[in-house]
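Letter by letter, the chains look like this.
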Amino acid sequence: MEVAANINRASAAAEALEAGAEGVGLMRTEFLFLERDSVPSEADQEQEYRAMAAALGDRPLIIRTLDIGGDKEVPYLGLAREDNSFLGIRGVRLCFERPDLFVPQLRAIVRVAKDHPNVHVMFPMIATLEDFRRARAMLDEVRTELGAPHIPLGVMIEVPSAALIAEQLAPEVDFFSVGTNDLTQYTLAMDRMHPQLARQTDAMHPAVLRLIGLTVDAAQRHGKWVGVCGGAAGDDVGALVLTGLGVKELSVSTPQVAGVKAALRGRSSAELRDLAARALTQPDAAAVRALVRG
Ligand code: PEP
Ligand code: MG
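Now for a description of the structure that goes with this document. (Residues numbered from 1 in each chain as written. Chains lettered and ligands numbered in written order. Predicted model: local features only at pLDDT ≥ 70, side-chain atom pairs only at ≥ 80, totals over all residues. Heavy atoms only, no water.)

1. Side note on helix α9 (residues 180–188)
Worth spelling out the cut-off: Relative accessibility decides the category of a residue: with a 1.4 Å probe and only protein chains considered, values under 20% of the type maximum give buried, values over 50% give exposed, and everything between is partly exposed. Note on conventions: DSSP H or I runs of at least 4 residues are helices, E runs of at least 2 residues are strands, and numbering of each starts at the N terminus.
Counting buried positions along α9 gives 7 out of 9 residues, so the element sits mostly inside the fold. Buried residues of α9: Thr180, Asp182, Leu183, Thr184, Gln185, Tyr186 and Leu188, and no others. Backbone geometry just downstream of α9 places Ala189 in the positive-phi region, at approximately 55°.

Written as structure tokens, this is what we have:
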């Protein structure tokens, strides 16, 4: 099991490594866009990705392409308001609408990946095989133009349809990374930001766990690995159940790294596999938590 960190800025890499992170499992690149009042240039982006890749040495860096929309609004982009922004032009869908944002980002990432083989790329909000192939084709075009080799490429599993077609996606990807925050909201039809629903919006719900289990099984059949970079990876119960389901990497916030490692220490894979199998048969998330806490 690898425990990695979710960080947004290169300046946070040293602290993550000191905390024991074995890499970066999720770099949320949209923060480069959210923290300023104009689009960061290709050169600015390249500088930030390069600094992060260099800080990590040969440890993996998974760069997630732009995930704007939904809860992440960028006022200066002047995007149309949507009644259902979480179900609208979000993540990779926005990138298809706005190649003027997506292509420069891909170019910045590819330039860095040419010099840093630890760079991985993944796409957010993939709902269909067509989404993935379209995004990959854009990346491939940039790679060809810049003469870059293959870059390990992943799909975020955060829409139930993606988990349900993991078998079709798996032969075409290098890895999956489960975004439990969104996967939970879309599976349970509960807004992840909703104050009254927050208690029930729990990734330990057996419906969510079953989708993660399907993803892992499909990945394993094709010799691929699965990580989790959503909030469930950083919670003690989540870390145990996800490991038992066969997840190979947990990417958590830096302050959670030590706690996750401590939670996993001394547990055997057989014990956790059995625990995860029993979790899948529970009626709800509260029962899964009670089972794991014993
Ligand atoms: C997720 O959805 O779990 C995830 C990691 O992405 P974000 O929280 O940035 O939507
Ligand atoms: Mg998400």
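Next comes the rest of the write-up.
2. Some thoughts on the coordination of the magnesium ion (ligand 2)
Let me state the cut-off plainly: Excluding water, the donors of a metal are its N, O and S neighbours within 2.8 Å, or within 3.2 Å for Na, K and Ca, and that exclusion means sites may look incomplete.
Taken together, Glu158 (OE) and Asp182 (OD) make up the full set of protein donors to the magnesium ion (ligand 2), lying 2.0 to 2.2 Å away. Of the two residues, Glu158 is situated in the loop between β5 (153–157) and α7 (160–164) and Asp182 in helix α9; the sequence distance between them amounts to 24 residues. By relative accessible area, Glu158 is classed as buried at 1%.

3. Considerations on the sheet that holds strand β4 (residues 119–123)
Put simply, the rule reads: Strand pairing is assigned whenever DSSP detects at least two bridges linking the two strands. All axes here are fitted lines through C-alpha atoms, helices being fitted over the stretch that makes contact, and every angle between N-to-C directions spans 0 to 180 degrees.
Taken in spatial order, the 8 strands close into a barrel running β1-β2-β3-β4-β5-β6-β7-β8, and their pairing is parallel. For this sheet the average axis-to-axis angle between neighbouring strands, irrespective of direction, equals 25°. Pairing analysis gives 3 bridges linking β4 to β5, with the strands arranged parallel. Among the inter-strand pairings, Met122 is bridged to a residue of β5, identified as Gly154.

4. Points about the site of ligand 1
Spelled out, the test is: Summary of the distance rule: residues count as near a molecule or strand when at least one heavy atom falls within 4 Å of that molecule or strand. In protein, a polar contact requires one atom able to donate a hydrogen and another able to accept it; more generally it is a pair of N or O atoms within 3.5 Å, and residues adjacent in sequence count only if both atoms are side-chain atoms. Cavity and pocket criteria rest on a 1 Å grid covering protein atoms alone: a 1.4 Å probe that fits but cannot get out defines a cavity, protein on both sides within 12 Å along at least 5 of 7 lines defines an open pocket, and an atom within 4 Å of a point defines a lining residue. Molecules are considered to sit inside a cavity or pocket once more than half of their atoms lie within 2 Å of its grid points.
Near ligand 1, the surroundings consist of 15 residues, among which Arg28, Arg64, Gly179, Asn181 and Arg192 are the closest. A distance of 2.7 Å separates an oxygen atom of ligand 1 from a polar side-chain atom of Arg28. Note that an oxygen atom of ligand 1 is positioned 2.8 Å from one of the side-chain N or O atoms of Arg64. Of all the cavities here, the one that holds ligand 1 is the largest cavity.

5. Some details on empty space enclosed by the protein
One simple way to see leftover space: roll a probe sized like a water molecule over the atoms. Rules: Grid points are joined across faces, edges and corners, and a volume is the space filled by probe spheres set on the points. Gly falls in the polar group here, along with every residue not listed as nonpolar (Ala, Val, Leu, Ile, Met, Phe, Trp, Tyr, Cys, Pro) or charged (Asp, Glu, Lys, Arg).
Within this structure, the stated rule accounts for 1 cavity of 30 Å³ or more. In this structure, the largest cavity encloses a volume near 70 Å³. Contributions of two or more residues to the lining of the largest cavity are made by β2 (24–28) and α9. Residues belonging to the lining of the largest cavity are distributed by class as follows: 3 nonpolar, 3 polar and 7 charged.

6. Quick word on the packing of helix α3 (residues 42–56) against helix α5 (residues 99–115)
Condition: Crossing handedness: left-handed means the near helix sits turned counterclockwise from the far one by under a right angle, and right-handed means the same turn made clockwise. Any two residues whose heavy atoms approach within 4.5 Å are treated as being in contact.
Orientation of α3 relative to α5, taken along the N-to-C sense of each, is 35°, at an axis distance of 8 Å. Pair α3 / α5 crosses with right-handed handedness. Taken together, the residues of α5 that come into contact with α3 (itself represented by Glu42, Gln45, Glu46, Tyr49, Arg50 and Ala53) are Pro104, Gln105, Arg107, Ala108, Ile109, Arg111, Val112 and Asp115. Here the residues of the contact of α3 with α5 sort into 6 nonpolar, 2 polar and 6 charged.

7. Brief notes about the pairing of strand β8 (residues 249–252)
Just so we agree on the cut-off: Seen with the strands pointing away from the viewer, any crossover whose path from the first strand over the helix to the second strand runs clockwise is right-handed.
Neither face of β8 is exposed, since Glu249 and Ser251 on one face and Leu250 and Val252 on the opposite face are all buried. Direction of pairing for strand β1 (residues 2–6) relative to β8: parallel, over a ladder of 4 bridges. Counted as the bridge partner of Glu2 is Glu249 from β8. Read from strand β7 (residues 225–228) through helix α11 (residues 236–245) to β8, the crossover connection turns out right-handed.

8. Some points on the pairing of β2
Counting buried residues along β2, 5 of its 5 residues qualify, which places the element largely inside the surrounding structure. Handedness of the β1-helix α1 (residues 13–18)-β2 crossover: right-handed.

9. Looking at the packing of aromatic side chains
Filter applied, for reference: Aromatic rings from Phe, Tyr and Trp, with only the six-membered ring used for Trp, were paired whenever their centres fell within 6.5 Å, and each pair was classed as stacked if the ring planes differed by under 30 degrees, edge-to-face if by over 60, and tilted otherwise. Criterion for a charge above a ring: Arg CZ or Lys NZ at most 6 Å from the ring centre, at most 35 degrees from the ring normal.
A complete count under the given rule lists 3 aromatic pairs for this structure. Between the aromatic rings of Phe123 and Phe132, the centroid separation amounts to 6.3 Å while the plane-to-plane angle is 55°, which identifies the pairing as tilted. For the pair formed by Phe123 and Phe132, the shared burial category is buried. Centroid distance Phe175 to Trp225: 4.8 Å. Interplanar angle 10°. Geometry classified as stacked. Note that Phe175 is positioned in strand β6 (residues 175–178) and Trp225 in strand β7, a separation of 50 residues in sequence. Every member of this aromatic cluster is reached through a ring pair, and the members are Phe102, Phe123 and Phe132. The ring centre of Phe96 lies 4.2 Å from the NZ or CZ of Arg134, which sits over that ring.

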